Amino acid sequence: MRRATARAIAIPAVLAGAVVVGALWGTLSPVRTLHAAAPASVAVPAGALPDFTALVKSQGPAVVNISTTQRVRTATPDLPFEQGDPMREFLRRFGMPLPEERQPMPHRGVGSGFIISPDGYILTNAHVVADAAEVIVRIPDKREFTAKVIGVDRRADVALVKIDADDLPAVKVGDSSRLEVGEWVAAIGSPFGLDNTVTAGIVSAKSRALPSEGYVPFIQTDVAINPGNSGGPLFNMAGEVVGINSQIYSRTGGYMGLSFAIPIETAMKIKQDLLKFGKVQRGRLGVTIQPVTAELAASFGLDKARGALVSAVEPDSPADKAGVRSGDIILALDGRAVDESIELPRIVGETRPGTTVSMQVWRQGAARTLSTTVGEWPAERVAAAGAERAPQTGKLGLAVRPLAEAEQKRHGVEGGVVVEAAEGPAAKAGLRQGDVILALNGERVASVDDLRRLAAEAEGNVAVLVKREDARIYLPLRVG
C-alpha cells in the first residue's frame, strides 16, 4: 500500500455489506520450529486483567517508527502543447508548469518496524518500504537514521531493512506455534504516526488463509490496529514477538475488530533467505488446486474431506514430471499431512527448491506415493530505496520487461512481457506485478515493442489478457 489510507481489495461478501481486506498503511496528512514445552506466555489468573507495563518497558525501546518518501507524478494530464501554442503562454502567465516542466510530487508515508539484532537489522512489512525513494527510521531515543532496504518479499509482505548503528535494543523472538486461541497479546506501533502506541487483545484464531494470500498462515486477533501500525510487532505476555501486524478486515478502511499478523517464523525464514541468498527461495510444484468437500470426497472414494484436489497440472512442471494428474488428491508432502487445501502452498513454499520429496496422492480409490524435485518460484524484482524504476510504457501506466526464455517455457508462451509495476489506469484495472501480458484487445503481445504500439493505438476501454499464476484472465482497462 502506498497511499494515504489503508490498501483495500474487494472480496466476495458473505453477509450483507461489502467486506474489504486492507494492508495497513498511513500518512500524517496511511522456519517452522516446534517445541514440546508448555507455552512461554504468562497465564493470567481468572478474574484478573493482564498487566502490560513490564512488556512495554522491556520491549518498547526496540519498536521503531518508519517514514518513507516516494515520488509520484501529478494527476494533471500531459497536454500536447507545441511551441507557439497560445495555451503555453496562458499557463506561464498564471504560474502553472508546462508538461515538460512538471516534477514528480513527493508522497510521504509512515509505518512501524522492530529491531531484531543490536547491529541494526529491522523487520517490517514489504508494503511499508517497497518502491520508496528514501526510508527514515526513528528509534524511541529520538535518533533518526537513513535506512537501507536489504530486500522485500511482496508475497508474504515482509521486508528487511538496515540502519548503521550498534548496541541497539532488540526484541525477543518467540514461537507463534505455541500461541493458544484466547490468549492475550499486545501490539506496539505508530498508528497515524503516533509513536510507540500500545494496544492489546486476544488471539481470535490461528492459521487463517486470506483471499489475497494463500502462503501465509495468519494469526487473527482483536487487537486495535490502524494505518501506521503496519510492520509493528505482536507480542505474547512473555514479551516475545510472535507476529508482524499486517492486515485488517474492514467495511470502512479502519479498525473493526479483525486484525491479522504474519507469524514470526515465516518472517524469520524470509529474513534468513534475504541475508544468505539475496532473495526469497520458495518452492513450487506447478499445480492448480481446490478444496475437497464432503461430496467430492465421497465421489472419489475418500474416507473424509481432506487433501488438495488437483484441477490442473502445468506442463513440464515438477508435478508433471512426477506424474501428478488432474483429479489426483494430494494427501501429504514430504511426510507432512495436507488436511486442508490451503496448507499445500505453505508446505511447498517452505520446502527448499531442489529438494526431492515424496508425495502421497489419492487416485482411483487408492493411495499411491510419487517422488518429485521441488522447483523454485522466480525471484521478485522490486525497486527499493535508492533503486531506479523501470521506464513507464506511456499512457497505460505500466513498467514491463520481456519474459526470459526459462519464464516463457514455464508459462507455456512464446515472447510476452511481465509487469514490473502498475500505476494509473493499469493499477485501477487490477494489473499487478508478476502478471504476464499476453494480448491487448485480442492482438498478441510478444514483446515490449508490441505493447507500446498497441498502447499507442488504444482508446477507451481495452481488454487485457494476462496470465496470473496458473490462470488466464481478462481485465478491462480504461485508456484516456
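All of these numbers come straight from a predicted model, not from anything done at the bench.

Asker: Tell me about the overall build of the chain, and please be specific about residues and values.
Answerer: When helices and strands are counted, the chain shows ten helices and 30 strands. The proportion of buried residues among the 480 residues of the chain is 50%. Within the structure as shown, the chain displays about 22700 Å² of accessible surface, and the carbon and sulfur contribution to it stands at 53%.

Asker: Provide a residue-level description of the environment of Asn 229, including the pertinent values.
Answerer: One can find Asn 229 in the loop between strand 13 (213-221) and strand 14 (233-236). For the pair Asn 229 and Gly 113, spaced 116 residues apart in sequence, the C-alpha separation works out to 8.6 Å. Sequence-distant contacts of Asn 229, that is, excluding residues within four places in its chain, are made with Ser 112, Gly 189, Ser 190, Pro 191, Ala 224 and Asn 245.

Asker: Give me the confidence of the model for the chain: which residues, what numbers.
Answerer: Mean pLDDT over the chain works out to 80, with 78% of the residues at or above the 70 mark. Mean pLDDT across the elements of the chain bottoms out in strand 1 (residues 9-11) (33) and peaks in strand 14 (97). Scored below 50 in pLDDT, residues 74-79 shows eight contacts in the model against residues more than four places distant or in partner chains. Every residue in residues 380-393 is under pLDDT 50, and counting partners more than four places away or in other chains gives 40 contacts.

Asker: Can you tell me about the nonpolar core, naming the residues and giving the values?
Answerer: The biggest cluster of nonpolar side chains holds 51 residues, and the ones touching the most others in it are Phe 114, Leu 123, Val 129, Val 137, Ile 139 and Ile 163. Sorting elements by how many residues they give to this core places helix 4 (residues 264-277) first, with five residues. The contacts of Val 137, once residues within four sequence positions are left out, are Val 64, Asn 65, Ile 66, Ile 122, Arg 143, Glu 144, Phe 145, Ala 147 and Ile 163. With 22 residues, the next largest nonpolar core counts Val 419, Ala 426, Leu 454 and Leu 477 among its residues.

Asker: Residue-level account of the side chain of Ser 117, with values.
Answerer: Summarising the element assignment, Ser 117 is placed in the loop between strand 4 (105-115) and strand 5 (121-124). Within the local environment of Ser 117, its side chain forms a polar contact with the side chain of Asp 119, the two groups lying 2.4 Å apart.

Asker: Describe the packing of aromatic side chains, with residues and values.
Answerer: Following the criterion strictly, the structure yields three aromatic pairs and no others. Look at Phe 52 and Trp 184: their rings are 6.2 Å apart centre to centre, the planes differ by 65 degrees, and that puts the pair in the edge-to-face class. With Phe 52 in the loop between strand 2 (19-23) and helix 1 (53-59) and Trp 184 in strand 11 (residues 184-189), this pair connects stretches of sequence that are 132 residues apart. Exposure remark for Phe 52: the relative accessible area of 13% places this residue in the buried category. Relative accessible area serves as the criterion here: at 30%, Trp 184 is assigned to the partly exposed category. For the pair Tyr 249 and Phe 260, a centre-to-centre distance of 5.1 Å together with 80 degrees between the ring planes defines the contact as edge-to-face. Residue Tyr 249 is found in strand 15 (residues 240-250), and its partner Phe 260 is found in strand 16 (residues 259-263); the two are separated by eleven residues along the sequence.

Asker: Explain unusual backbone geometry residue by residue, including any values.
Answerer: Most peptide bonds adopt trans geometry, and most residues besides glycine take a negative phi value. One non-glycine residue, Asn 196, lies in the positive phi region at around 50 degrees. Looking at the secondary structure, you find Asn 196 in the loop between strand 11 and strand 12 (197-210). Phi angles above zero are rare outside glycine, and Gln 364 is one such case at about 55 degrees. You can see Gln 364 is positioned in the loop between strand 22 (356-363) and strand 23 (366-373). Relative accessible area serves as the criterion here: at 72%, Gln 364 is assigned to the exposed category.

Asker: Lay out helix 4 with the relevant residues and their values.
Answerer: Spanning 14 residues, helix 4 covers 20 Å between terminal C-alpha atoms, matching the ideal 20 Å at 1.5 Å per step. With ten of its 14 residues buried, helix 4 lies for the most part within the structure. Residues of helix 4 that are buried include every one of Ile 264, Glu 265, Thr 266, Ala 267, Met 268, Lys 269, Ile 270, Lys 271, Asp 273 and Leu 274, and no others. A positive backbone phi angle near 80 degrees is found at Gly 278, which sits one or two residues after helix 4.

Asker: Before we move on, could you go through the pairing of strand 14 and cite the residues and values that matter?
Answerer: Of the two faces of strand 14, the one holding Pro 233 and Phe 235 and the one holding Leu 234 and Asn 236 are both buried throughout. Two elements, strand 11 and strand 14, share three bridges in a ladder whose sense is antiparallel. Pairing of Val 185 across the sheet is with Asn 236, part of strand 14. Here strand 14 runs beside strand 15; their pairing, made up of three bridges, is antiparallel. For Pro 233, the partnering residue across the bridge sits in strand 15 and is Ile 244. What sits between the antiparallel neighbours strand 14 and strand 15 is a turn of three residues, in which Gly 239 has the positive phi angle 80 degrees.

So, how was this worked out
- In this numbering scheme, every chain counts its residues from 1 along its sequence in written order.
- Reporting of local features is limited, given that this is a predicted model, to residues whose pLDDT is at least 70; pairs of side-chain atoms are given and counted only at 80 or more, and all residues count toward the totals for whole chains, interfaces and linings.
- Processing note: side-chain calculations cover all non-hydrogen atoms of the structure and skip hydrogens and water entirely.
- Counting from the N terminus, the helices are DSSP H or I runs at least four residues long and the strands are E runs at least two residues long.
- Using a 1.4 Å probe on the protein chains alone, a residue whose accessible area is under 20% of its type maximum counts as buried, one over 50% counts as exposed, and one in between counts as partly exposed.
- Only the protein chains shown count as covering a residue, and every accessible area follows the Shrake-Rupley method with a 1.4 Å probe.
- Contacts are assigned to residue pairs with any non-hydrogen atoms lying within 4.5 Å of each other.
- Within a predicted model, pLDDT stands for the predictor's per-residue confidence, ranging from 0 to 100.
- We define the nonpolar core as a collection of buried residues of types Ala, Val, Leu, Ile, Met, Phe, Trp, Tyr and Cys that are connected through side-chain atoms lying within 4.5 Å of one another.
- As used in this structure description, the phrase polar contact means that two N or O atoms lie within 3.5 Å; if the pair is within protein, one of them must be able to donate a hydrogen and the other to accept it, and residues adjacent in sequence are counted only when both atoms belong to side chains.
- By convention, a stacked pair of Phe, Tyr or Trp rings (six-membered ring in the case of Trp) has centres within 6.5 Å and planes under 30 degrees apart, an edge-to-face pair has planes over 60 apart, and any other such pair is tilted.
- A helix is expected to span 1.5 Å multiplied by its residue count minus one.
- One bridge is not enough; two strands pair if DSSP finds at least two bridges between them.

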